[in-house]
Amino acid sequence: MKSVWIAAAAMTRFGRRSENLEDLMADAALEALAEADCQPDALVVTCMAPEELVGEGNFASHIGTYLGLSHVPALRVETATSSGAAALYTGFALIASGLHNRVLVVGGEKMTHVSTPRVSEIISRVIDPHERSYGATMPALAAIVTRAALAKGLFTEADMARISVKNHANGARNPYAHFQQPVTLEEVMASRMIADPLRLQHCCPISDGAAALMLTADPTGLKVAGVGQGSDFLAVRYRSSLTSFRATQDAAKAAFNMAGFGAERVQVAEIHDAFAPFEILALEDTGLFPPGKATRAIQNGELAIEGRLPVNPSGGLNSRGHALAATGLAQIVELAWQLTGRAVGRQVKATVGLAHSIGGMATNNWVTLVEQVA
Amino acid sequence: MMETVAASRCPDCGWVVAPPARICPRHPVEMTPVELSGYGSVLSYTTLTVAPEGFKPPLHIAVVELPGGARIFCHGRETRHLRIGRRVAVEQVDGIFYFASLGIADRVSLFWKRRGAAPDRTRDALKSAVKGFFSAYKNGAATPNQEEKNPIEKQK
């Protein structure tokens, strides 16, 4: 298997954007092409729901043509809310297999022009039909998981709020973040209830945005050291555990196995905190912390940018925002910038980074490891 | 009379799921239909104050584990007094599961929360009210207290 390297990483600011989806994706893609200073021989496009949200189909060809790359083989990849990570994996596989040498991976989503109940309904289609027929949305399922975890004493509501506070503090230092304002513990714990016990400030926003990466077979120093995928039943009610995600555990094992090193080498992590308590569950499911040890780290400030293991220096989905298919790629962009000293205002000291992405209600999860090789 | 819930069992691994599935989610084997008793314990629950299109908040949802291990999603009148592990009755009205023992007023109110054409809602509410009346008259509707007195054995 060939090694796969990151030659360029770019993204737009996440948030409520006036540009259309094509232009957001073009902004990220053109910046990546300029940085890489080479042309791709394959294009991987990702968008979770362009048919419903912007009314476009045949999306790989649509974006290929818009980018002036219609002569390059293009395909679209989709695994619900982890589509960006799946697209990175696809680009990785195309190069690792020797099929292609330079792959441009670009993902984007445009949602804020659609009403919130409508966006909520479109996103809810990633949920099992029986569960969805009871009005189960992503926040509803996340609340059901969170309630079970609280009852087991895995963390407290204050721990959940501490995650939101930390990630908003980080987002306030990231010019690419959707929210760039810190929040206090009291504000989080008094924010509007969405799905008991999840409050507004525990939940990620609906964001527009795009991100792009150029992957190459030529060494650049920034290596995709491992990629792992894990899956689980679509139906949450089929799971043996409500309070841990098998898909994350399997993805982490596969990624570390491919990389040939363990969680102890990870120095910075981008975690899928679509709902604040999910960051706590992921820290243990990925093996970054042993079971039951993540909450102590949160309380001690170990996960802050200046802490022992900075988690979500970008602000995470909670504050940087969640532009569905762009999110998994934006996590890798953040790691690339962190590992090459370009994360202005929020720079950490690290040579190995981990990105964790959840598709649907943890039905199709990914862990990606990026390493700066001296 | 205890309500029953349609489910399916895997002939190979014995796993039971509800509603019935054609193929066992654990491996590609056709399942056989079974009926489960309509009571169980609450695994988790939530109340949505922001409901998706087609529903009105507050929307109460619980995941209930039935005898045999199958879990279903249910609606309910409220979750204020609910706790994880609490035993509840499950009733099915026109394909929708409801947890706990519900009075007639509760049923009518619940059906109005599900959006639909007005004649449908009225019909559903009437059917539910009639059903509730009959089951209460014939059997003494299971109250939460009676449920607590009849703990079920969980088959794992």
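Please refer to the structure higher up on the page.
Reading the values: rules and limits
- Residues numbered from 1 in each chain as written.
- Chains lettered and ligands numbered in written order.
- Predicted model: local features only at pLDDT ≥ 70, side-chain atom pairs only at ≥ 80, totals over all residues.
- Helix = DSSP H or I, 4+ residues; strand = E, 2+ residues; numbered from the N terminus.
- Rg over C-alpha atoms; globule rule 2.2 N^0.38 Å.
- Buried ≥ 20, exposed ≤ 12 C-beta atoms within 10 Å, placed from the backbone.
- Contact = placed C-beta atoms within 7 Å.
- Nonpolar A, V, L, I, M, F, W, Y, C, P; charged D, E, K, R; others polar.
- Pairing = 2+ DSSP bridges.
- Core = buried A, V, L, I, M, F, W, Y, C linked by C-beta atoms within 7 Å.

**Q** Before we go on, may I ask you to explain the overall build of chain A in this structure?
**A** Summing up its helical and strand segments, chain A has 14 helices and 11 strands in all. Computed over its C-alpha atoms, the radius of gyration of chain A comes to 19 Å, within 12% of the 21 Å expected for a compact globule of 374 residues. With the principal axes as the frame, chain A shows a C-alpha extent of 55 × 45 × 40 Å. Here chain A holds 374 residues, and 61% of them are scored as buried. Considering only contacts in chain A between residues 6 or more positions apart, those separated by 24 or more positions represent 77%.

**Q** Even after reading the chapter, I still don't get the interface of chain B and chain A, so can you show me in this structure?
**A** Where interface size is given, it is often the accessible area lost as the parts come together that is meant. Contacts between the two partners involve 23 residues from chain B, matched on the other side by 25 residues from chain A. Elements with a minimum of two residues in the side of chain B that touches chain A: strand S4 (39-48), strand S5 (59-65) and strand S6 (71-75) of chain B. Ranked by residues supplied to the side of chain B that touches chain A, first place goes to S4(B) with six residues. The residue inventory of the side of chain B that touches chain A, partitioned by class, reads 16 nonpolar, five polar and two charged.

**Q** Hey, could you run me through the environment of Leu67(A) in this one?
**A** Residue and element names in this part refer to chain A. With respect to the helices and strands, the residue Leu67 is situated in the loop between helix H3 (59-66) and strand S3 (74-77). Separated by 12 residues in sequence, Leu67 and Gly55 have C-alpha atoms that sit 19 Å apart. Once you skip the residues sitting within four places of it in the chain, Leu67 turns out to touch Ala26 and Ala29.

**Q** I'm lost on the sheet that holds strand S3 (residues 32-37) of chain B in this one. Help?
**A** Two pairing modes exist for strands in a sheet, parallel and antiparallel, and in both the strands are linked by backbone hydrogen bonds. Residues and elements named next belong to chain B. Strand order in the open sheet formed by three strands is S2-S1-S3, and the pairing between neighbours is antiparallel. With partners counted over all chains shown, the strands left at the sheet margins are strand S2 (16-17) and S3, one partner each. When strand S1 (residues 4-9) meets S3, the two strands line up antiparallel, connected through six bridges. Bridge pairing in S3 links Thr4 to Ser37.

**Q** I tried to follow the nonpolar core on my own but got confused; where do I start?
**A** Residues and elements named next belong to chain A. Core analysis: the biggest nonpolar cluster contains 167 residues, and Ala32, Ala212 and Leu213 have the highest contact counts within it. With nine residues, helix H1 (residues 21-36) is the largest single contributor of residues to this core. Setting aside its immediate chain neighbours within four residues, Ala32 contacts Ala8, Ala9, Ala10, Leu104, Ala212, Leu213 and Met214.

The values reported here are purely geometric and, on their own, carry no functional implication.
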